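# Understanding the architecture of this molecule
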Amino acid sequence: MRTTVGIVGAGPAGLLLARLLHLAGVDCVVLEARDRAYAEARQRAGMLEQSTVDVLRACGAGARLDREGLFHDGIEIRFDGRSHRVDLAAHTGGRQATIYAQTEIVKDLVALQLKDGPPLLFEAQALAVERADTARPAVRYFHEGAEHLLECDYVAGCDGSYGVTRRALPAAGTRVYEHVYPYSWLGVLADVPPTHDELVYAAHERGFALYSMRTPAVSRLYLQVPAGTDPADWPDERIWDELAARYATADGPPLRRGPIMSRSLTPMRTRVTEPMRHGRVLLAGDAAHIVPPTGAKGLNGAVADAVTLAEALALWHRTGGERLLDVYSDTCLHRVRQAVRFSRDLTELLHTGPDRDGSAHRSRTARLRRLLASPGAVAALAHEYTGLWSAWCPAAPAGDGGG
Ligand code: PHB
């Protein structure tokens, strides 16, 4: 099989890239190792920056998002038994934080692509990228009992942090920055309407907790736990009691409790691969960079990469010019480093580390108090929370009827 852009991975980065290339008239093929049901059920963070919402609308994937997304003007930060609201919209000229799960974005993009888009092959497992530094790279993959070769002009590696495309980058000349935190998030989906209208970030001495949601009927909650924790050690009762302890305020409503439908552990780590390109292989999303989930920059970063890459490939396709492809890695990494810094700062501000006498917690709450008392610092937080990449975001592509 031959195509212009071979896309490995049908997560948000790969599917959005395929959609944008299709709208720009560039041929592509998407290979996804898992089956459709699995790809559509991968649970990840579900908070969209304003620019991510704008791009999904502009490419025709905004209809259900507009109907079912939960649009938030603010967030709450809770510590020492008190809640403090950060008015995101007021500080950013109306930018919101939107709750719409990754699973739903993937479903919408898959449906669009299967309807009128480029080929999307499920259960097509990429085995290796070959000839990465020639003008004719290829992806070797396994599908329907046999090996095949997808020959391309460019390969887009959108296959996540464990994918094969990053292996096409030579060790010499590639730098990998990595940091692993000693704690993880225990994430649960609970069959109960959210207690709060907005997201609540709680910095408690016992550890961090995050109150989020998926729909008006389903809550999404996270608890900081030690790395390596077995979710099976956390029965429903223990989870609710721990959440209640970390969220306790003098006057707030008690947490609504309900059956927990799923629980999983998210390790906290940062990993950035530089550059994000080797020859004609370009990485996007988790394949290139992982940040801890605090602040939900992972999915938004994947979307920003896909937009940047689609623009660069579309220019090359139209004119033969490689100017934007040549700066693709630097353009993305400029933003990625901001995401790394933001995610690290927010993580360290809200989580507990080793703290023998409580002084680390007191110094964290002093920092939080200082931040919330400073209009400039609150405005900066609101800007970074609702959109790190708008300043670098090229004009949203013209849609074909969406939005
Ligand atoms: C989520 O809803 O999964 C979520 C929201 C905000 C975050 C992280 C995760 O900062």
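A quick note: this is a predicted structure, and the numbers were derived from the prediction, not measured.

On a plain count of helices and strands, the chain comes out with 11 helices and 20 strands. Taking 2.2 N^0.38 as the reference for a compact globule, 403 residues should give roughly 22 Å; the C-alpha atoms of the chain span a radius of gyration of 21 Å, in line with that estimate. Along the three orthogonal principal directions, the C-alpha set of the chain runs to about 65 × 45 × 45 Å. By residue count, 57% of the 403 residues in the chain fall in the buried class. Here the analysis covers contacts within the chain between residues at least 6 apart in sequence; of these, 71% occur between residues at least 24 apart. Accessible surface, the chain: about 16,400 Å² in total, of which carbon and sulfur atoms supply 51%. Here the chain contributes 46 positive and 48 negative side-chain charges, whose respective centroids are spaced 3 Å apart.

Every one of the 14 residues lining the ligand counts as a neighbour, but Tyr 201, Ser 212, Arg 214, Tyr 222 and Gly 295 are closest to it. One of the side-chain nitrogen or oxygen atoms of Arg 214 is found 2.7 Å away from an oxygen atom of the ligand. At 2.9 Å, a backbone N or O of Gly 295 approaches an oxygen atom of the ligand. The protein chains hide 100% of the 270 Å² of surface that the ligand would expose on its own. Of all elements in the fold, only β14 (199-204) and β15 (207-215) reach the threshold of two or more residues within the shell around the ligand.

A few words on the UniProt feature "domain: FAD-binding" (unreviewed entry) in the chain. Following the UniProt record, one finds the feature "domain: FAD-binding" (unreviewed entry) at residues 2-343. Segment residues 2-343 splits into 32% helix and 34% strand. End C-alpha atoms: 40 Å apart.

Glancing now at the pairing of strand β12 (residues 154-157). By the alternation rule, side chains of β12 split into Tyr 154 and Ala 156 and Val 155 and Gly 157, which are all buried. As defined by bridge partners, strand β1 (residues 5-8) adjoins β12 across 4 bridges and the pair is classed as parallel. Each bridged residue has a counterpart across the sheet, and for Val 8 the counterpart in β12 is Gly 157. The pairing of β12 with strand β19 (residues 281-283) spans 3 bridges and is parallel. Paired with Val 155 across the two strands is Val 281, which belongs to β19.

In β1, alternate side chains face the same way, and those of Val 5 and Ile 7 on one face and Gly 6 and Val 8 on the other are all buried. Here β1 runs beside strand β2 (residues 28-31); their pairing, made up of 4 bridges, is parallel. Paired with Gly 6 across the bridge in β2 is Val 29. Handedness of the β1-helix α1 (residues 12-23)-β2 crossover: right-handed.

To continue, consider the sheet that holds β2. Sheet strands associate in pairs through backbone hydrogen bonding, adopting either a parallel or an antiparallel arrangement. Across the sheet, 6 strands lie side by side as β8-β2-β1-β12-β19-β18; this open sheet has mixed pairing. Each having just a single partner strand, β8 (120-121) and β18 (277-278) make up the two edges of the open sheet. Set on the sheet, α1 makes contact with β1, β2, β8 and β12; between it and β1 the angle comes to about 155°.

Turning to the pattern of salt bridges, a few remarks are in order. Enumeration over the complete set of coordinates arrives at 32 salt bridges. As a salt-bridge pair, Arg 269 and Glu 178 come within 3.7 Å of each other at their nearest N and O atoms. With a gap of 91 residues between them, Arg 269 in strand β17 (residues 260-274) and Glu 178 in strand β13 (residues 175-190) connect regions that are remote in the sequence. Judged by its relative accessible area of 15%, Arg 269 is buried. One network of salt bridges, with partners in common, ties together Arg 64, Glu 68, Glu 104, Lys 107 and Asp 108.

Attention now goes to the packing of aromatic side chains. Tallied over the entire structure, the rule returns 7 aromatic pairs. An angle of 25° between the planes, with centres 5.5 Å apart, marks the rings of Trp 185 and Phe 208 as stacked. Taken together, the residues Trp 185 in strand β13 and Phe 208 in strand β15 connect sequence positions 23 residues apart. The exposure class assigned to Trp 185 is buried, which follows from its relative accessible area of 2%. Both rings, one in Trp 185 and one in Tyr 222, keep their centres 4.6 Å apart while their planes meet at 40°; by these two values the pair is tilted. Of the two residues, Trp 185 is situated in strand β13 and Tyr 222 in strand β16 (residues 218-226); the sequence distance between them amounts to 37 residues. Across this residue pair, the class does not change: Trp 185 and Tyr 222 are buried.

Analysis parameters
- Residues numbered from 1 in each chain as written.
- Predicted model: local features only at pLDDT ≥ 70, side-chain atom pairs only at ≥ 80, totals over all residues.
- Heavy atoms only, no water.
- Helix = DSSP H or I, 4+ residues; strand = E, 2+ residues; numbered from the N terminus.
- Rg over C-alpha atoms; globule rule 2.2 N^0.38 Å.
- Buried < 20%, exposed > 50% of the residue type's maximum accessible area, 1.4 Å probe, protein only.
- Contact = heavy atoms within 4.5 Å.
- Areas by Shrake-Rupley, 256 points an atom, 1.4 Å probe, with all protein chains shown as cover.
- Lys, Arg positive; Asp, Glu negative; His and termini not counted.
- Charge placed at Lys NZ, Arg CZ, Asp CG, Glu CD.
- Near = heavy atom within 4 Å.
- Polar contact = N/O pair within 3.5 Å; in protein donor to acceptor, adjacent residues only side chain to side chain.
- UniProt positions renumbered as here; feature names shortened; annotations may be inferred.
- Pairing = 2+ DSSP bridges.
- Right-handed = clockwise from strand over helix to strand, strands pointing away.
- Axes fitted to C-alpha atoms, helices over the stretch in contact; angles between N-to-C directions.
- Salt bridge = Lys/Arg side-chain N within 4 Å of Asp/Glu carboxyl O.
- Phe/Tyr/Trp six-rings, centres within 6.5 Å; stacked < 30°, edge-to-face > 60°.

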